[in-house]
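Each chain is listed here by its residues.
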Amino acid sequence: MNALASAVVPCVCCGQALRAGLEEWHWVCPLCGYEAAQLAPAINEARSHEKVDEAQRDTGLKALREANFHQLLDRMVRHITPVGARLLDVGAAHGWFVKAAADRGFTVLGLEPDHAVCEQAQRSGVPVREGFFPDVLAAHEQFDAIVFNDVFEHIPHSDALLAQCIARLAPGGLLVLNLPSSRGVFYRASKLLHRFGAGAFFDRLWQKGMPSPHLHYFHARNLTQLSARHGLTLIDSAHLASVHLDGLYARIAYVKSGLRWLAPLIWLAIVAAYPLVRWGAPSDIDVVIFRRNGG
């Protein structure tokens with residue numbers, strides 16, 4: 001039974017009581033559109049990593065992520081001068097964004113809690129520290145920009161997380177969130193398919209059963225509402241591509257599950273929809289840039 005049946009859970013963005021969603025683990029806010037999941041992370045648990053082909057995952061994501069990271073940095077440098085600016089990338093994974101930001105002139109540090117992934121980044125010479133934000137930071141460490149690339153939605157207790165970001169941001173510093181949107185065309189399609197009895201795509205977009213599932217789905221408006229309570233002012237927003245044909249099949253097929261046979265069908269559907277996605281359909285990735293008040 002959904003936990004909402006026995007308890008009132010307020011929306012983290014607007015305070016409205018959440019309602020039962022499409023699954024027992026899925027909650028929705030009827031007022032602002034925020035969505036939450038009661039799924040358990042299993043980072044560094046060997047059993048959960050057995051479900052993922054990490055090499056294929058890297059192949060599937062690298063082209064898309066690197067293209068998006070360059071666009072994101074182009075946007076960031078409109079609001080901050082890189083030279084001398086200290087940048088923290090939370091959930092840095094293999095360090096692709098850390099390296100790209102360093103090439104722009106930022107003084108960079110990445111944090112990555114997954115031991116195996118962090119080791120791989122460190123072996124490639126990228127400055128990535130193993131551990132969770134903010135636990136592995138020294139008491140004095142502050143930054144001019146804190147960036148979450150496809151990470152913020154994986155971390156529980158968004159309110160507390162934003163408070164921790166404020167404590168680590170210099171006055172006038174930037175908080176940059178790059179994350180999936182609940183208004184995106186693929187996410188909306190997954191909910192429609194679920195209503196017709198095909199829930200696998202919906203589960204996949206929440207990354208159910210993976211080491212670090214999604215725990216939240218925001219969109220730019222409700223995320224801005226949440227962030228304003230923490231003294232953050234929205235100064236820029238944009239969308240990034242959610243699909244890149246280079247590596248697409250590897251991205252779909254890297255999960256080792258009984259539903260892997262669906263990968264060719266999902267690939268065909270996305271390729272067919274790609275022109276629509278590229279030229280006007282709502283993007284599945286939001287970027288929001290906030291400035292900490294006081295600087």
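Preceding this section is the structure that the text describes.
The present account deals with the structure reproduced in this document.

So, how was this worked out
Residues numbered from 1 in each chain as written. Predicted model: local features only at pLDDT ≥ 70, side-chain atom pairs only at ≥ 80, totals over all residues. Heavy atoms only, no water. Helix = DSSP H or I, 4+ residues; strand = E, 2+ residues; numbered from the N terminus. Buried < 20%, exposed > 50% of the residue type's maximum accessible area, 1.4 Å probe, protein only. Contact = heavy atoms within 4.5 Å. Areas by Shrake-Rupley, 256 points an atom, 1.4 Å probe, with all protein chains shown as cover. Arc of directions from axis to C-beta. Phe/Tyr/Trp six-rings, centres within 6.5 Å; stacked < 30°, edge-to-face > 60°.

1. A few points about the overall build of the protein
- Scanning the protein from terminus to terminus reveals ten helices and eleven strands.
- Going through the 295 residues of the protein one by one, you find that 51% of them count as buried.
- Once local pairs closer than 6 in sequence are excluded, the contacts in the protein between residues at least 24 apart make up 69%.
- Of the roughly 13,700 Å² that the protein leaves accessible, carbon and sulfur atoms contribute 57%.

2. A word on helix α8 (residues 220-228)
- Of the positions making up α8, those classed as buried are N222, L223, L226 and S227. Each buried residue of α8 lies within a common arc of 140° when the element is viewed along its axis, so the set occupies one face.
- On its buried face, α8 is in contact with α5 (158-168), β8 (169-180), β10 (232-240) and β11 (285-292).

3. Notes on the environment of L234
- Along the chain, L234 falls in strand β10.
- When the C-alpha positions of L234 and I289 are compared, they lie 6.0 Å apart, and in sequence the two are 55 residues distant.
- Not counting the four nearest positions on each side in its chain, L234 is found in contact with T224, V288, I289 and F290.

4. Looking at the packing of aromatic side chains
- Going through the model one piece at a time under the given rule, you end up with twelve aromatic pairs.
- When the centroid spacing of 5.2 Å and the interplanar angle of 40° are considered together, the rings of Y34 and F218 count as tilted. With Y34 in the loop between β2 (26-28) and β3 (35-37) and F218 in the loop between β9 (216-217) and α8, the pair connects residues that are 184 residues apart, well separated along the chain. The burial state of Y34 is the same as that of F218; both residues are buried.
- The interplanar angle of 75° and the centroid separation of 5.2 Å between the aromatic rings of F69 and F97 together place this pair among those described as edge-to-face. One end of the pair, F69, is in helix α2 (residues 54-76); the other, F97, is in helix α3 (residues 96-103), with 28 residues separating them in the sequence.

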